[in-house]
Amino acid sequence: MSCAKAFLFFFNFIYLGVSAAIIFVAAWVIKKYGDITKITTDTYTLVPCGILVGIGVLIFITALCGCCGTCRDNKCCLSTFFALLLIVFALEVTAGVMGYVYKDKAKEFVNDGFIDAIKHYDYEDSSLDKAVDDLQSKLKCCGSHGPIDWIKYGQHHHPPHSCFSDHYSPYTEGCLDKITDDVKKNLSYVLGTAIGVAVLQLLGMIVACYLMCCSRESGYLRLEGGIRV
């Protein structure tokens with residue numbers, strides 16, 4: 001019993017850290033790739049990041065319920081903790097499946113939106129022009145597949161200043177490939193962390209069930225002669 005409580009305390013402490021990390025990563029992705037929403041033809045490109053923020057907040061609430069239930073040995077709090085863990089686990093699986101299914105379509109939407117933005121780019125200080133310039137400057141890329149996109153589709157048939165690291169040579173890598181490479185580079189870390197968190201969640205649910213069962217059994221103990229047996 002005491003070992004189970006100690007594990008649950010440790011689990012909830014780790015869970016609090018995980019919630020903060022998830023919210024931080026989602027906010028970082030939104031900040032870094034926020035300009036994509038102005039360029040892509042699909043307005044739901046960064047929806048998975050919003051889901052991650054929601055999951056992070058729910059994980060934080062779950063950890064608080066777990067701490068409360070463990071400290072007070074409260075069956076109601078432990079039941080809520082188990083239910084929230086199950087909901088978070090289901091949301092994570094759903095987000096993972098959606099991300100896998102949606103990845104090719106998202107890439108297509110970004111490409112189509114970028115080409116459309118190039119066609120309407122007119123070197124004026126519009127929000128779309130600024131989004132394109134910011135994205136190319138941050139990622140050090142040019143066009144969707146390369147500078148050739150500006151020559152083929154641009155009104156002036158020449159890359160804008162944000163495509164150049166200096167006044168002579170433009171960036172040769174396309175922004176679509178740059179974004180894809182960044183995602184692939186960090187995907188193994190994300191998957192490894194997700195698997196570790198999922199294993200912890202399953203262990204947390206098992207321990208919560210064990211503590212709930214122990215709490216249920218103690219409810220049937222009777223006092224005989226003033227001593228609990």
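Residues numbered from 1 in each chain as written. Predicted model: local features only at pLDDT ≥ 70, side-chain atom pairs only at ≥ 80, totals over all residues. Heavy atoms only, no water.

A.B. asks: Please set out the pattern of salt bridges residue by residue, giving values where relevant.
C.D. replies: Scanning the entire structure with this criterion turns up two salt bridges. We note a salt bridge from Asp 134 to Lys 130, for which the minimum N-O separation is 3.0 Å. Separated by four residues within a single helix, Asp 134 and Lys 130 lie in helix H5 (residues 127-139), roughly one turn from each other. Classification of Asp 134 as partly exposed rests on a relative accessible area of 26%. Take Lys 130: its relative accessible area is 46%, and that puts it in the partly exposed class. When the shortest N-O distance is used, the salt bridge between Lys 178 and Glu 173 registers 3.8 Å. (Salt bridge = Lys/Arg side-chain N within 4 Å of Asp/Glu carboxyl O. Helix = DSSP H or I, 4+ residues; strand = E, 2+ residues; numbered from the N terminus. Buried < 20%, exposed > 50% of the residue type's maximum accessible area, 1.4 Å probe, protein only.)

A.B. asks: Any chance you could break down the packing of aromatic side chains for me, citing the residues and the numbers?
C.D. replies: Under the counting rule described, the total for this entry stands at one aromatic pair. With a centroid separation of 5.0 Å and 85° between ring planes, the pair formed by Tyr 121 and Trp 150 is classed as edge-to-face. You can see Tyr 121 sitting in the loop between helix H4 (75-120) and H5 and its partner Trp 150 sitting in helix H6 (residues 148-153), a full 29 residues away along the chain. Across the pair, exposure class does not vary: Tyr 121 and Trp 150 are buried alike. (Phe/Tyr/Trp six-rings, centres within 6.5 Å; stacked < 30°, edge-to-face > 60°.)

A.B. asks: Give me the lowdown on the state of the cysteines, citing residues and values where you can.
C.D. replies: According to the stated counting rule, one finds two disulfides in the structure shown. A sulfur-sulfur distance of 2.0 Å marks the disulfide that ties Cys 141 to Cys 175. Between Cys 141 and Cys 175, the S-S dihedral sits near 90°, and the bridge is therefore right-handed. With Cys 141 in the loop between H5 and H6 and Cys 175 in helix H7 (residues 175-218), this residue pair connects regions lying 34 residues apart in the sequence. When sorted by exposure, Cys 141 lands in the same class as Cys 175, which is buried. Note that Cys 142 is cross-linked by a disulfide to Cys 163, the S-S spacing being 2.1 Å. Where Cys 142 bonds to Cys 163 through sulfur, the torsion about that S-S bond is close to 90°, and the disulfide is right-handed. (Disulfide = S-S within 2.5 Å.)

A.B. asks: Which residues make up the UniProt feature "transmembrane region" (unreviewed entry) in the protein chain, and what are the values?
C.D. replies: Mapped onto this numbering, the UniProt entry gives "transmembrane region" (unreviewed entry) at residues 7-30, 50-69, 81-102 and 189-213. The distance from the first to the last C-alpha atom of residues 7-30 is 34 Å, and the span holds 100% helix and 0% strand. As annotated, residues 50-69 has a helix share of 100% and a strand share of 0%, and its two end C-alpha atoms lie 29 Å apart. (UniProt positions renumbered as here; feature names shortened; annotations may be inferred.)

A.B. asks: Outline the nonpolar core, listing residues and values.
C.D. replies: Membership of the largest hydrophobic core comes to 22 residues, with the highest contact counts inside it found for Leu 8, Tyr 15, Ile 59 and Phe 81. For this core, the secondary-structure elements that each account for two or more residues are helix H1 (2-33), helix H3 (47-72), H4 and H7. Those residues in contact with Leu 8 that lie beyond four places of it in its chain are Thr 70, Leu 78, Phe 81, Gly 204, Val 207 and Leu 211. Formed by 15 residues, the second largest nonpolar core is a distinct cluster that contains Ile 118, Val 132, Cys 141 and Cys 175. (Core = buried A, V, L, I, M, F, W, Y, C linked by side-chain atoms within 4.5 Å. Contact = heavy atoms within 4.5 Å.)

A.B. asks: How would you summarise the side chain of Asn 12 if you had to cite specific residues and measurements?
C.D. replies: The topology assignment puts Asn 12 in helix H1. Non-local contacts of Asn 12, meaning those with residues more than four positions away in its chain, are made with Thr 62, Ala 63, Gly 66, Cys 67, Thr 70 and Phe 81.

A.B. asks: Account for unusual backbone geometry, naming residues and giving values.
C.D. replies: You will see that Lys 140, though not glycine, has its phi angle at about 55°, which is positive. Looking at where Lys 140 falls in the secondary structure, it is placed in the loop between H5 and H6.

A.B. asks: Talk me through the environment of Ile 118; I want residue IDs and the actual numbers.
C.D. replies: With respect to the helices and strands, Ile 118 occurs in helix H4. Residue classification places Ile 118 among the buried residues on the basis of a relative accessible area of 0%. When the C-alpha atoms of Ile 118 and Gly 143 are compared, they prove to be 7.6 Å apart, with 25 residues separating the residues in sequence.

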